[in-house]
Amino acid sequence: GPAKAAITFESEWGTPDGMTIDAGGNLWIAHWNTHLISHWNPKTGNVLSKVQIPSFRVTSCMFGGPDLRTLYVTTGTCDATEADLQDFPLSGALLGLEPAVGGIPESRLLMAANGRG
């Protein structure tokens with residue numbers, strides 16, 4: 001059948017960028033144009049939590065570490081002014097959060113070059 005949206009949110013939440021799944025099957029989304037990571041139940045479409053990130057841009061997130069208990073968050077400085085960087089000095093940094101839930105191993109994707117440019 002046709003695809004159905006699992007999650008919808010308002011424009012003030014920015015644009016979804018990088019995302020990952022936790023051990024409970026829930027979705028973590030980095031929101032471009034905001035300072036936000038959100039945590040969702042994709043079966044119900046309900047937001048479980050929101051985390052404010054002290055960065056001008058939030059770009060992606062992924063669980064890592066030896067026990068997959070750290071949520072790593074990448075941030076950016078694209079289009080930031082000097083004032084933005086003073087307000088958000090961690091912009092461009094890799095940050096680590098420790099949420100109550102851990103992650104699952106990511107699938108590996110191997111791609112072979114086809115020789116065409």
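Heads up: the structure comes first, above all this text.
Residues numbered from 1 in each chain as written. Predicted model: local features only at pLDDT ≥ 70, side-chain atom pairs only at ≥ 80, totals over all residues. Heavy atoms only, no water.

Considering the overall build of the chain
Inclusion rule: The way it works is that DSSP assigns letters per residue, a run of H or I at least four long becomes a helix, a run of E at least two long becomes a strand, and they are numbered from the N terminus. A contact between two residues is defined here by any heavy atoms of the two lying within 4.5 Å. Each accessible area is a Shrake-Rupley result for a 1.4 Å probe, and residues are judged covered by the shown protein chains and nothing else. In this tally, Asp and Glu contribute negative charge and Lys and Arg positive charge; neither His nor the terminal groups of the chain are included. To locate a charge, the coordinates of NZ of Lys, CZ of Arg, CG of Asp or CD of Glu are taken.
In terms of helices and strands, the chain carries one helix and seven strands. In sequence order, the secondary structure elements of the chain are arranged as β-β-β-β-β-β-α-β. For the chain, the spread of C-alpha atoms along the principal axes amounts to about 45 × 45 × 35 Å. Taking contacts inside the chain between residues at least 6 apart in sequence as the whole, the part at least 24 apart equals 41%. With the model as given, the accessible surface of the chain reaches about 7,600 Å², and the carbon-plus-sulfur share is 54%. Positive and negative side-chain charges of the chain, numbering 7 and 11 respectively, have mean locations separated by a distance of 13 Å.

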